[in-house]
Amino acid sequence: MSNISDAFKNGKAFIGFVTAGDPDLDTSLEIMTSMAKGGCDLIEIGIPFSDPIAEGPVIQEADLRSLENGTTTDKVFELTEKLREKVDIPLVYMTYLNVLFKYGYDKFLQNAKKAGVSGVIVPDLPYEEKDELQSVADKYDIDVISLIAPTSEDRIKMIASDAKGFIYTVSSMGVTGMRSEITTDLGSIVSHIKSVTDTPVAIGFGINTPEQAKKYSALADGVIVGSAIVNLVAEHGKDSPKFVYDYVKSMKDAI
């Protein structure tokens, strides 16, 4: 068992995402520490990839900035080990299958465990191929987080029934990014998921205001915010930790 469930123990969970190495590795460490201090219950650490197909422009650009700065998977492991010394909340990696495949599943997951990571989110990993990764992850008590999209209606029972850690419920069709309005009937999707599993459900993609956080945390066990945090990093660079802290606190207070 991983410790991801700890994020959902004290009411609704606020889950924040940030790209490692943007604007640089040292500032990344400060940003993530600020996220934890601001009230993040779980941090998703993005390992940059050159072709992040699930991401909108904000996170794509962050990935490119990070890669141009020389961020590597090994450097992200080192960064995570430093972060683990400062925070005790669950940590999860979010990246793409090619990163894990090229690094080697066993070596990647072994290093993730050593760094204090409890789960991995791989948006381009098809459910049908999940066992190939989860069978290795089980050796290290790491959860492969399942994603359920608005188009998953007929597959919800299958995906949710063996989900681990938490279920990432995608709010909208398309890529990540801040949305002023989310039109998906998330209430019915979440209740369908909850009818087949006790695994916590968090809603992500598009949420960026305290009002949205409050609304969608009422439907699920938590909310996930990425692009709005990454946007603050793009805007404020090395000065972003204090802005990220204030933003995370406002979102956590809302839920």
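Our subject is the structure listed above.
Residues numbered from 1 in each chain as written. Predicted model: local features only at pLDDT ≥ 70, side-chain atom pairs only at ≥ 80, totals over all residues. Heavy atoms only, no water.

K.L.:
In this structure, what is going on with the environment of Glu132? I would like to understand it.
P.N.:
Structurally, Glu132 is set in helix 6 (residues 130–137). Along the sequence, Glu132 and Asp51 sit 81 residues apart, while their C-alpha atoms lie 22 Å from each other. (Helix = DSSP H or I, 4+ residues; strand = E, 2+ residues; numbered from the N terminus.)

K.L.:
So what exactly am I meant to see when it comes to the environment of Tyr93 here?
P.N.:
By the secondary structure assignment, Tyr93 is in strand 3 (residues 91–94). Along the chain, Tyr93 and Val120 lie 27 residues apart, while their C-alpha atoms are 4.7 Å from each other. In this structure Tyr93 touches Ile45, Ile47, Val76, Phe77, Thr80, Phe108, Ala112, Ala115, Val117, Gly119, Val120 and Ile121, once residues within four positions along its chain are discounted. Polar contacts involving the side chain of Tyr93 include one to the side chain of Thr80, which spans 2.7 Å. (Contact = heavy atoms within 4.5 Å. Polar contact = N/O pair within 3.5 Å; in protein donor to acceptor, adjacent residues only side chain to side chain.)

K.L.:
Help me understand the sheet that holds strand 6 (residues 167–170) in this model?
P.N.:
Adjacent strands of a sheet pair through backbone hydrogen bonds, lying either parallel or antiparallel. Strand order in the closed barrel made by the eight strands is 1-2-3-4-5-6-7-8, with parallel pairing throughout. Taken pair by pair, the neighbouring strands of this sheet meet at an average axis angle of 30°, ignoring direction. (Pairing = 2+ DSSP bridges. Axes fitted to C-alpha atoms, helices over the stretch in contact; angles between N-to-C directions.)

K.L.:
Which parts of the structure should I look at to understand helix 2 (residues 57–68)?
P.N.:
Side chains three or four residues apart in an α-helix point the same way, a direct result of the helix having 3.6 residues per turn. Relative to the 16 Å expected for twelve residues at 1.5 Å per residue, helix 2 spans 16 Å between its end C-alpha atoms, a close match to the ideal helical length. Turning to helix 2, its buried residues are Ile59, Ala62, Asp63 and Ser66. Projected down its long axis, helix 2 shows its buried positions confined to an angular sector of 100°, all on one face. With respect to the buried face of helix 2, the exposed residues turned more than 90 degrees away are Pro57 and Glu68. Elements in contact with the buried residues of helix 2: strand 1 (13–19) and helix 10 (227–236). A positive backbone phi angle near 90° is found at Gly70, which sits one or two residues after helix 2. (Expected span 1.5 Å × (residues − 1). Buried < 20%, exposed > 50% of the residue type's maximum accessible area, 1.4 Å probe, protein only. Arc of directions from axis to C-beta.)

K.L.:
Help me understand the pairing of strand 1 in this model?
P.N.:
For strand 1, the buried fraction is high: seven of the seven residues fall into the buried class. Across the two faces of strand 1 the burial is the same, with Ala13, Ile15, Phe17 and Thr19 and Phe14, Gly16 and Val18 all buried. Note: strand 1 against strand 8 (residues 222–225), four bridges, orientation parallel. Opposite Ala13, over in strand 8, you have Gly222 as the bridge partner. Between strand 1 and its parallel partner strand 2 (residues 42–46), the chain crosses via helix 1 (residues 25–38), and the hand of that crossover is right-handed. (Right-handed = clockwise from strand over helix to strand, strands pointing away.)

K.L.:
Can you help me understand the nonpolar core in this one?
P.N.:
One broad rule of soluble globular proteins: the nonpolar side chains tend to lie buried together. Counting 67 residues, the largest nonpolar core has Met35, Tyr93 and Phe108 as its most contacted members. Residue contacts for Phe108: discarding those within four places in its chain leaves Ile47, Thr73, Phe77, Tyr93, Val99, Leu100, Tyr103 and Val120. Formed by 20 residues, the second largest nonpolar core is a distinct cluster that contains Leu42, Phe166, Phe205 and Ile224. (Core = buried A, V, L, I, M, F, W, Y, C linked by side-chain atoms within 4.5 Å.)

K.L.:
Is there a simple way to think about the layout of surface pockets in this case?
P.N.:
It is a probe the size of a water molecule, rolled over the atoms, that shows where empty space is left. Reported here for the second largest pocket is a volume of approximately 270 Å³. Lining the second largest pocket are Ile47, Pro48, Phe49, Ser50, Leu67, Thr71, Thr72, Thr73, Asn98, Val99, Lys102 and Tyr103. The element contributing the most residues to the lining of the second largest pocket is helix 4 (residues 97–103), with four residues. (1 Å grid on protein atoms, 1.4 Å probe; cavity = no way out; pocket = protein on both sides within 12 Å on 5 of 7 lines; lining within 4 Å. Points joined across faces, edges and corners; volume = space filled by probe spheres on them.)

K.L.:
Just to check I follow, could you spell out helix 5 (residues 105–115) for this structure?
P.N.:
Within the sequence span of helix 5, burial applies to Tyr105, Phe108, Leu109, Ala112 and Ala115. One face of helix 5 carries all of its buried residues, which in axial projection span an arc of 120°. Where the residues of helix 5 are buried, they touch helix 3 (73–84), strand 3, helix 4, strand 4 (119–121) and helix 6. Of the residues trailing helix 5, Gly116 is marked for its positive phi of about 95°.

K.L.:
Would you take a moment to explain the pattern of salt bridges for this structure?
P.N.:
Between side chains of opposite charge, a pair can form as their charged atoms come close. For the coordinates displayed, the defined rule picks out ten salt bridges. A salt bridge links Lys238 to Asp24, with the nearest nitrogen and oxygen atoms 2.6 Å apart. Remark: Asp24 occurs in the loop between strand 1 and helix 1 and Lys238 occurs in the loop between helix 10 and helix 11 (240–254); sequence separation between them is 214 residues. (Salt bridge = Lys/Arg side-chain N within 4 Å of Asp/Glu carboxyl O.)

K.L.:
Sorry if this is basic, but what is going on with the packing of helix 2 against helix 10 here?
P.N.:
The axes of two packed helices give the description: the angle between them and the distance between them. Between helix 2 and helix 10, whose axes approach to 9 Å, the crossing angle comes to 50°. One finds that helix 2 runs oblique with respect to helix 10. As helix 2 packs across helix 10, the resulting crossing turns out to be left-handed. Here Val58, Ile59, Ala62 and Arg65 of helix 2 lie close against helix 10, whose contacting residues are Ser227, Val230, Asn231 and Ala234. (Parallel < 35°, antiparallel > 145°, perpendicular 65-115°, else oblique. Left-handed = near helix turned anticlockwise from the far one by under 90°.)

Remember that the coordinates give geometry; whether it matters functionally is a separate question.
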